[in-house]
Amino acid sequence: MATAARSRLPDRRDALLIVAAAVAVNLIGAVGVPFTATESAWFAELALPAYYPPGWAFGVVWPILYALLGAAAALVYLRGRDARDARIARDARTALGLFAVQLGVNVAWSPVFWGLERPDLGLAVLVALLPLVAATILAFDRVDRRAAALLVPYLAWVCFATALNYGIWALN
C-alpha cells in the first residue's frame with residue numbers, strides 16, 4: 001500500500017508517545033485483572049482443555065500484546081496527525097475509533113468470564129471481539145501497514161483464547 005511506503009520512522013518525541021501508548025493500553029488491559037481469579041473454587045472445579053497453557057503464560061503474553069496494541073495505535077495516530085491527505089487523517093480517526101471499541105470489548109471479557117463465572121457469555125464476547133480485531137487490522141492497514149502488522153499476534157492470541165474459552169464451555 002502506498003501509505004505504508006510514505007510512513008516515516010518516529011523521532012524521539014514520537015517514540016516517547018509510542019511508549020506512553022503501550023503503557024496506557026497495558027493499564028487499560030489491567031482493568032480486568034481484579035476479576036481474574038485462577039485460585040477461585042469455581043475455576044478449580046472447571047475441566048480445562050488439554051491445550052490450556054500454564055497460568056504464567058497469560059501474565060507474559062498479555063502485557064506484550066497490549067504493548068503492541070498501544071504502539072500500533074500510536075503509529076496510526078501519528079500518521080493521521082501528520083497526514084497531508086485528508087483521507088488518511090479521516091481513515092486514522094476511523095481506525096482509532098474502531099480500536100477503542102475492540103479494546104472495550106476485550107476488557108469486558110474478564111468481568112464476564114471471571115466475574116460472572118459465565119464461560120458461555122465469555123465465549124460470546126470473544127466471538128464479537130474476533131471480527132472487531134480483524135476490522136481494526138484492516139483499518140490500521142489503510143493508514144500504516146506497520147501498525148496493522150503489530151496487531152497480527154493479538155488476532156492469533158484472540159483466536160487461541162476463543163478456542164480455550166470454547167473448550168472450557170464445552171467441557172463444563
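Provided above is the structure to which this section pertains.
Residues numbered from 1 in each chain as written. Predicted model: local features only at pLDDT ≥ 70, side-chain atom pairs only at ≥ 80, totals over all residues. Heavy atoms only, no water.

Colleague: Can you break down the pattern of salt bridges residue by residue, with the values?
Modeller: Within this structure, the stated rule accounts for seven salt bridges. Here Arg81 ties to Asp14 by a salt bridge, and the two come within 3.2 Å at their closest N and O atoms. Separated by 67 residues along the polypeptide, Arg81 in helix α4 (residues 55-82) and Asp14 in helix α2 (residues 12-29) bring together distant segments of the chain. Given the relative accessible area of 42%, Arg81 is considered partly exposed. Assessed through its relative accessible area of 4%, Asp14 is described here as buried. A salt bridge links Asp141 to Arg145; the shortest N-O distance between them is 3.1 Å. (Salt bridge = Lys/Arg side-chain N within 4 Å of Asp/Glu carboxyl O. Helix = DSSP H or I, 4+ residues; strand = E, 2+ residues; numbered from the N terminus. Buried < 20%, exposed > 50% of the residue type's maximum accessible area, 1.4 Å probe, protein only.)

Colleague: Pulling in residues and values, what's your account of the packing of α4 against helix α5 (residues 86-115)?
Modeller: Between α4 and α5, the shortest axis-to-axis distance is 8 Å and the interhelical angle comes to 160°. With respect to each other, α4 and α5 are oriented roughly antiparallel. Judged by the twist between their axes, the crossing of α4 over α5 is left-handed. Two secondary-structure elements touch here, α4 through Trp62, Tyr66, Leu69, Ala73, Val76, Tyr77, Arg79 and Gly80 and α5 through Ile88, Ala89, Ala92, Ala95, Leu96, Phe99, Gln102, Leu103 and Asn106. (Axes fitted to C-alpha atoms, helices over the stretch in contact; angles between N-to-C directions. Parallel < 35°, antiparallel > 145°, perpendicular 65-115°, else oblique. Left-handed = near helix turned anticlockwise from the far one by under 90°. Contact = heavy atoms within 4.5 Å.)

Colleague: Report on the packing of aromatic side chains, specifying residues and quantitative values.
Modeller: If you walk through the whole model with that rule in mind, you get 15 aromatic pairs. Ring geometry for Trp42 versus Phe113: centroids 5.4 Å apart, planes at 70°, classification edge-to-face. Taken together, the residues Trp42 in helix α3 (residues 41-45) and Phe113 in helix α5 connect sequence positions 71 residues apart. Phe113 carries the same exposure label as Trp42, and that label is buried. Arranged with centres 5.5 Å apart and planes meeting at 45°, the rings of Tyr52 and Phe58 form a pair that is tilted. (Phe/Tyr/Trp six-rings, centres within 6.5 Å; stacked < 30°, edge-to-face > 60°.)

Colleague: Describe in detail helix α8 (residues 152-171), supporting the description with residues and values.
Modeller: Taking 1.5 Å of rise per residue, the 20 residues of α8 would be expected to cover 28 Å, and the 29 Å separating its terminal C-alpha atoms lies within 8% of that figure. Turning to α8, its buried residues number three or more, namely Tyr154, Trp157, Val158, Ala161, Thr162, Leu164, Asn165, Gly167 and Ile168. Turning to α8, the residues buried within the fold contact α4, α5 and α6 (119-141). (Expected span 1.5 Å × (residues − 1).)

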